[in-house]
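Geometric and topological summary
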Amino acid sequence: MSSLLVWCALLQTLLLVTLRLGDCAIAVDANRTSALEEARLQRENLVRKYLKRLKKEEGALKLVGGRGDFEGNVEVFHAGKWGAICDDEWDQAEAEVVCRQLGFPGYVKPTHTGHFGRAKRKFWMDNLWCGGKEAELTDCRFDGWGANDCESGEAAGVICKQHDTDTTTTSKPVPVELKVPKERFGQRLELRLVGGRVEGEGRVEVRIVDGPGGAGPWGSVCGDGWGLLEGNVVCRQLNLGYANNAVQTDFFSDEADGKGLPERVLLSGTECYGNESTLADCLHDPIGWDTVATCSERKGHVAAVTCVPAMADLVFDHVEMEQSLHLEDRLMYLLQCAMEENCVATQAYEIQRDNPNWHLETRRLLKFTARVVNMGTADFRPHIPKHLWEWHLCHMHYHSMEVFATFDVIDGQGRKVAEGHKASFCLEDNQCLPGVEPRYACANYGDQGISVNCSDIYRHNIDCQWVDISELDFGEYTMRVAINPEFKVPEMRFDNNAATCRLLYTQTYARVFDCKHERP
């Protein structure tokens, strides 16, 4: 009996020890789980902190003012601050680099003239020149950090292709109602200019004439993307001549008479080709009688215009180009001055960087004469003030325009396969009709411009008056030359500023033919 009691006591003791050991094991497991969870949280915080810091690294990009993270004006991070990018020379190559750097599969289109609102920060970059293959936008060539002559309405932007919704979602999904494409206004619009000092200036106000119950209330026009193309249509509809300036501003408010700016923004996303008779014929974001248009601009900055009765009108002479176009192979040693102005293809700079004997290499140039005639009723003058003109040692004169002409070679799929540009230009009267006295000359810091019935001629033997086609395969292409391509300087019309021609390129010669005028 006593032995049985001893065994029972031993079993109780073993049971108590086992339970205690189990409790310890559970406690250890709990502590281990707690430690693992804490480590996981620390890792998440570190990743989150790194990603936050990554977005503010030198050269980082972001898009602002758009409907989602896939579109907007481009801003770049430099010296601890975000800054805008000017739209001078902004095209598909830069858009491709931006969208790739931001992780999107491609671009839809580049945008200009503050399409997503005016620039609200200082401009960090101007006159960007990308080849399209750069890993980051800061790898492209530009004038230097902060060096620019741009106004707030010249913000560069981009619309990127979105990822498949099955794999990626954006942090700012586009509302369904904003995915509807732009359309022409289905009703008649009445226009007026309000707040100006004279009859031909002021903010643009519109109202629907044929609405239910008669004419509707007056409303303003959103300033996003507002430019000279839209301004010309407004001036034409009001029989006030031509747009000398088209801006996004609150300058023309009526605070003096107590009316102020209208609360209602009636139109947004206005996009004109430039030859429309009325603003209703242009494309707009869809809007109904009872809806209010959305606008990314801050309150009060709406579309405004200044109209004048006389205006310049430039016409590119494609016949002169057809007669003068030819091929020339030139040593890179002789192209050093042109390379400083980004007048050769990106591959030439790679050769200069990688090949110690780069100066012995040759580039094939498609050269031609560009003759531009002013057929308008007023002189064509540069929009940059004279004290901001740049002295070019290569040409030994001042340049008054940064982007006056672009030259593009396009393949059958619509891709730009070669391009040239006049990054800057000197404007003068080289040839005038009988009885017209030349007034403008580049020499001796003279006034620059193109008089009525005079021509500015850049002959084929001048630097940069070419397209570098060294890497182009033989075949048939489209060649496009555009004057005043970014609509920076006002004109009567822009649908005669570009010439599109067929280009035949062979091993021994090149020629252009079947040219026609169109808008840049």
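Heads up: these notes are all about the structure in this document. Just so we're clear, the structure is a prediction, and the values are computed from it rather than from any experiment.

What follows covers the overall build of the protein. What the protein contains, in helices and strands, is six helices and 28 strands. The burial tally for the protein puts 47% of its 520 residues in the buried class. Counting only contacts in the protein whose residues sit at least 6 apart along the sequence, the fraction spanning at least 24 positions is 71%. Here the protein displays about 26300 Å² of accessible surface, and carbon together with sulfur accounts for 52% of that area.

Right, let's talk about the packing of aromatic side chains for a bit. Summed over all chains, the structure comprises eight aromatic pairs. Where Phe142 meets Trp145, the ring centres are 5.1 Å apart and the plane angle is 70°; that geometry is what we call edge-to-face. Judged by its relative accessible area of 22%, Phe142 falls in the partly exposed class. When the centroid spacing of 5.1 Å and the interplanar angle of 85° are considered together, the rings of Phe251 and Phe252 count as edge-to-face. Classification of Phe252 as buried rests on a relative accessible area of 6%. Connected via pairs of aromatic rings, a cluster forms that spans Trp124, Phe142 and Trp145. Just above the ring of Trp218 sits the side chain of Arg192; from NZ or CZ to the centre is 4.0 Å.

Here the focus is the sheet that holds strand β25 (residues 466-468). Taken together, the three strands give an open sheet; going across it, the order is β16-β17-β25, and neighbouring strands pair in antiparallel fashion. Unpaired on one side and paired on the other, β16 (326-331) and β25 mark the two borders of the sheet. Here the strands of the sheet are splayed against their neighbours by 35° on average, with no regard to which way each runs. In terms of strand pairing, β16 meets strand β17 (residues 362-367) through six bridges, oriented antiparallel. Note on β17: the bridge partner recorded for Leu327 is Leu366.

Let's shift gears to the nonpolar core. Judged by nonpolar contacts, the single largest core of 34 residues is most densely connected at Met321, Leu366, Phe380, Phe404, Val467 and Met479. Put simply, the parts of the chain that give this core at least two residues each are β15 (314-316), β18 (370-374), β21 (405-410), β26 (475-483), β27 (498-505) and β28 (510-518). Sequence-distant contacts of Val467, that is, excluding residues within four places in its chain, are made with Arg364, Leu365, Leu366, Phe368, Phe407, Val409, Ala418, Glu419, Gly420 and Met479. Counting 28 residues, the second-largest nonpolar core is a separate cluster that includes Phe185, Leu189, Leu191 and Val206.

Moving on: the pattern of salt bridges. Within the structure shown, the criterion is met by 28 salt bridges. Among the ionic pairs, Glu419 bridges to Lys416, the shortest N-O distance being 3.9 Å. Overall, the relative accessible area of 21% leaves Glu419 in the partly exposed class. Put simply, Asp87, Asp88, Glu154, Glu486 and Lys488 are held in one network by salt bridges that share partners.

A word on the environment of Ala510. Note that Ala510 resides in strand β28. Owing to a relative accessible area of 9%, Ala510 belongs among the buried residues under this scheme. C-alpha of Ala510 to C-alpha of Leu325: the two residues are 185 residues apart in sequence and 7.4 Å apart in space. Non-local contacts of Ala510, meaning those with residues more than four positions away in its chain, are made with Leu325, Leu327, Leu366, Leu503, Leu504 and Tyr505.

Looking now at the sheet that holds β15. Strand order in the open sheet formed by four strands is β15-β18-β24-β23, and the pairing between neighbours is antiparallel. Taken across any chain shown, the strands that pair with only one partner, and hence form the sheet edges, are β15 and β23 (431-432). Sheet topology places β18 next to strand β24 (residues 454-458); four bridges connect them, and they run antiparallel. Paired with Arg371 across the bridge in β24 is Ile457.

Rules used throughout
Going along each chain's sequence as written, the residues are numbered from 1 onward. Per-residue local features of the predicted model are confined to residues with pLDDT of at least 70, and side-chain atom pairs are confined, for both listing and counting, to 80 or more; whole-chain, interface and lining totals are unaffected and use all residues. Water and hydrogen atoms play no part in the side-chain values, which are based on all heavy atoms of the structure. Strands are runs of DSSP state E lasting at least two residues, helices are runs of H or I lasting at least four, and both sets are numbered from the N terminus onward. For every residue, the accessible area (1.4 Å probe, protein chains only) is compared with the maximum for its type, and the residue is labelled buried under 20%, exposed over 50%, or partly exposed between those bounds. Between two residues, a contact is recorded if the distance between any of their heavy atoms is within 4.5 Å. Accessible areas in this description were obtained via Shrake-Rupley with a 1.4 Å probe; residue shielding takes into account the shown protein chains only. In summary, the pairing rule links any two rings of Phe, Tyr or Trp, Trp by its six-membered ring, whose centres are within 6.5 Å, and it sorts them by plane angle into stacked for under 30 degrees, edge-to-face for over 60 and tilted for everything else. Criterion for a charge above a ring: Lys NZ or Arg CZ within 6 Å of the ring centre, and within 35 degrees of the ring normal. The pairing criterion is simple: DSSP has to find at least two bridges between the two strands. Each axis is a line fitted through C-alpha atoms, and for a helix only the stretch in contact is used; angles between axes span 0 to 180 degrees, taken between their N-to-C directions. Put simply, buried Ala, Val, Leu, Ile, Met, Phe, Trp, Tyr and Cys residues joined by side-chain atoms within 4.5 Å make one nonpolar core. Take a side-chain nitrogen of Lys or Arg and a carboxyl oxygen of Asp or Glu: if they are within 4 Å of each other, that pair is a salt bridge.

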